[in-house]
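# Structural features, examined
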Amino acid sequence: MKITDIKTIPIQMPLPKTFKGSHYFMTHRCTIITRIYTDEGIIGECYNGDEFETQAEVIKIIHDEIKPKVLGMDIFSIEKIWEAMLSPTYNILRDRKLATNAQACIDSAVLDAWGKSLNQPLFKLWGGYKTELPVVAIAGYYEEGKKLADFGTEMENLRAAGLGGCKFKVGGRSPEEDAERVRVARSAVGDDFILTVDANQGFTQRDAIKFGTLVQNCNIRWFEEPCRWYNDRSSMALVRNITGIPVAAGQSEYHRGGCRDLFMDKAVDVCNFDASWSGGPTEWRRVAAMAMAFEVEMGHHEEPQVSAHLLASIPHGTMMEVFHPDRDPLFYSLVENRNPFVNGIYQVPTGPGWGLKLDETVIEKFRVD
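Residues numbered from 1 in each chain as written. Predicted model: local features only at pLDDT ≥ 70, side-chain atom pairs only at ≥ 80, totals over all residues. Heavy atoms only, no water.

### Details of the overall build of the protein
Let me state the cut-off plainly: In this text, helices come from DSSP runs of H or I with a minimum length of four residues, and strands from runs of E with a minimum of two, each type numbered from the N-terminal end. The reference for a compact globule is 2.2 Å times residues^0.38; the radius of gyration itself is calculated from the C-alpha atoms. Buried means the residue's accessible area, taken with a 1.4 Å probe over protein chains only, is under 20% of the maximum for its type, while exposed means over 50%, and partly exposed covers the values in between.
Along the backbone of the protein there are 13 helices and 13 strands. Here the C-alpha atoms of the protein give a radius of gyration of 20 Å, agreeing with the 21 Å that 2.2 N^0.38 yields for 369 residues. When the backbone C-alpha atoms are referred to their principal axes, the protein occupies close to 60 × 40 × 40 Å. Counting only residues that meet the buried cut, the protein has 57% of its 369 residues in that class.

### Considering the packing of aromatic side chains
The following threshold applies: Within 6.5 Å between ring centres, the rings of Phe, Tyr and Trp (the latter by its six-membered ring) count as paired, and their orientation is classed by plane angle as stacked under 30 degrees, edge-to-face over 60, tilted in between. Either the NZ atom of lysine or the CZ atom of arginine qualifies as a charge over a ring when it sits within 6 Å of the ring centre and within 35 degrees of the ring normal.
Tallied over the full model, the rule gives twelve aromatic pairs. By way of ring pairs, the aromatic residues Phe331, Tyr332, Phe341 and Tyr346 are connected into one cluster. The residue whose ring lies beneath Arg338 is Phe341, and the NZ or CZ to ring-centre distance is 5.3 Å.

### Comments concerning helix α5 (residues 148-160)
To be explicit about the condition: As used here, the arc is the angular range of directions from the helix axis to the C-beta atoms. Only heavy atoms matter for contacts: two residues are in contact if any of them lie within 4.5 Å across the pair.
If you check which residues of α5 are buried, you get Phe151, Gly152, Glu154, Met155 and Leu158. Projected down its long axis, α5 shows its buried positions confined to an angular sector of 155 degrees, all on one face. Looking at α5, the residues exposed on the side facing more than 90 degrees away from the buried face are Ala149, Asn157 and Ala160. Its buried side turned inward, α5 meets β4 (132-139), β5 (165-169) and α6 (175-189). Taken from the residues just after α5, Gly162 is the one with a positive phi, measuring 95 degrees.

### Some points on the layout of surface pockets
The cut-off we apply is this: We place a 1 Å grid over just the protein atoms. Points where a 1.4 Å probe fits but has no way out form a cavity, open points with protein on both sides within 12 Å along at least 5 of 7 lines form a pocket, and any residue with an atom within 4 Å of a point lines it. Grid points are joined across faces, edges and corners, and a volume is the space filled by probe spheres set on the points. All amino acids are sorted into three groups, where Ala, Val, Leu, Ile, Met, Phe, Trp, Tyr, Cys and Pro are nonpolar, Asp, Glu, Lys and Arg are charged, and the leftover types, Gly among them, are polar. Domain delimitation follows an automatic or database domain assignment.
For the largest pocket, the calculated volume is near 790 Å³. Along the wall of the largest pocket there are 32 residues; nearest its centre are Tyr24, Met26, Glu51, Gln251 and Trp277. Ranked by residues supplied to the lining of the largest pocket, first place goes to strand β2 (residues 25-38) with five residues. Among the residues making up the lining of the largest pocket, the classes are represented as nine nonpolar, twelve polar and eleven charged. Mapped onto the domain boundaries, the lining of the largest pocket takes at least three residues apiece from domain 1 (2-119 + 360-366) and domain 2 (124-347). Roughly 300 Å³ of volume is contained in the second largest pocket.

### Thoughts on helix α7 (residues 205-214)
Among all positions of α7, only Ala208, Ile209, Phe211 and Gly212 are buried. Angularly, the buried residues of α7 cover 165 degrees about the axis, an arc narrow enough to put them on a single face. Tucked inside the fold, the buried residues of α7 contact α6, β6 (194-198), β7 (223-224) and α8 (232-243).

### Some thoughts on the nonpolar core
Operational definition: Only buried residues count toward a nonpolar core. Its members are Ala, Val, Leu, Ile, Met, Phe, Trp, Tyr and Cys residues joined through side-chain atoms within 4.5 Å.
By size, the foremost hydrophobic cluster in this structure holds 105 residues, and its most contacted members are Phe168, Val170, Val182 and Phe223. Considering every element that reaches this core, the biggest residue donor is helix α3 (residues 96-118), with nine residues. Other than its neighbours up to four places away in sequence, Phe168 contacts Ala139, Gly140, Phe151, Met155, Arg181, Val182, Ala185, Leu195, Thr196, Val197 and Asp198. In this structure, Leu15, Phe19, Met26 and Tyr141 belong to the second largest nonpolar core, which totals six residues.

### Here's the deal with the domain arrangement of the protein
As a reminder, the rule being used: Using a 1.4 Å probe, buried area is obtained as the accessible area two parts lose upon being combined, added over both of them. Here a salt bridge means any side-chain nitrogen of Lys or Arg lying within 4 Å of a carboxyl oxygen belonging to Asp or Glu. Each polar contact in these results corresponds to two N or O atoms within 3.5 Å; when the atoms are within protein, one needs to be able to donate a hydrogen and the other to accept it, and residues that are neighboring in sequence are counted only if both atoms are side-chain atoms.
Partitioning the protein into domains gives domain 1 (2-119 + 360-366) and domain 2 (124-347). Computed over C-alpha atoms only, the centres of domain 1 and domain 2 are separated by 24 Å. Each partner contributes to the interface: domain 1 provides 39 residues, whereas domain 2 provides 39 residues. Summing both partners gives a buried area of about 3,300 Å² for domain 1 against domain 2, and 59% of it is carried by carbon and sulfur. If you look at where domain 1 meets domain 2, you find five salt bridges. Remark: the boundary between domain 1 and domain 2 carries 16 residue pairs in polar contact (both at pLDDT 80 or more). When residues of the side of domain 1 that touches domain 2 are traced back to their parent elements, those giving at least two are β1 (3-20), β2, β3 (43-48), α2 (78-84), α3 and α13 (360-366). Of all the elements, α3 adds the most residues to the side of domain 1 that touches domain 2, at twelve residues. Each residue belonging to the side of domain 1 that touches domain 2 can be placed in one class, and the counts come to 19 nonpolar, eleven polar and nine charged.

### Overview of the side chain of Gln251
Counting through the fold element by element, Gln251 comes out in the loop between β8 (247-249) and α9 (256-264). At a separation of 3.4 Å, a polar atom in the side chain of Gln251 contacts the side chain of His301. For Gln251, the contacting residues outside a window of four places in its chain are Asn200, Glu224, Glu225, Asn272, Phe273, Asp274, Trp277 and His301.

### Some words on the pairing of β1
Spelled out, the test is: Strands pair, by our definition, only if DSSP identifies at least two bridges between them.
Across 13 bridges, the pairing between β1 and β2 is antiparallel. Paired with Met13 across the strands is Arg29, a residue of β2.

Here it is, written out as structure tokens:
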């Protein structure tokens, strides 16, 4: 089955408000829909990524540098196709992450076509370890006018919406202030509600340790990217050893070697490598294999349309991350056949490939090309 064409559709959906983490903010939900056409009529598709500023550059790499190399290739030659997409990463004068983003778009669509050709969901083809996953919402953002008690109400609303937990934003205030926000969140929902915290590399080493000691009694599932980027591996190893709270990282790595170094330096308990940013599901599965050798659990940074299948396919997968509908309207409106959240659990789609049915009316409304 040969690849005959590749098409991309950039999507930009404005958010109802600005969402702020420790040192970043989001005003739009953006993504790239990639479609792979084959000579047997099967069309593989997926959507990947969420970066507004670089979307056009990623699409240009797909069409100018990758498409000419993979047209005519056999859809079952997944590893060979992946290798053919490596050359754009060799450009030392631009951010390599742009090329790995582009690679991820093609890889994801190729895998969807592969699954559809075999009439099987990808998580079953990769191992089928689970059929359902715990689901948590990324929330607890910094908002103007938000009071301390509001964070407890937010957690209660997430539980009422069927979610099983929250990844709570920290690192943008003092350790004491952030710890108080987390304590309010925990007290509102009890210990059976999963609570992780994510500093997005916002704390210094000392402040991360201070914050960790202040929330030791809050049953924190993991502390994500606790420390600044410039000494993160060494700092994270100290944070996990001193506080006793498991540490998660990996989303900021764009290749398997970066994750290997996290494992070798004993810096993480959970690796949340992002397939949409870092070369695609094919690369994510290589990292997952390494993680198992080091007894490190696997997560996935956002992107539930791909993460559900990846995490459910392996024994050391953790939980699926989503956003509130205001923060990620795409997942709730673009995916026509999205499974509901029931008592904190998400059923992995059982349709062939990724099992996604995309709403064409939403595509037409928010496409920007």
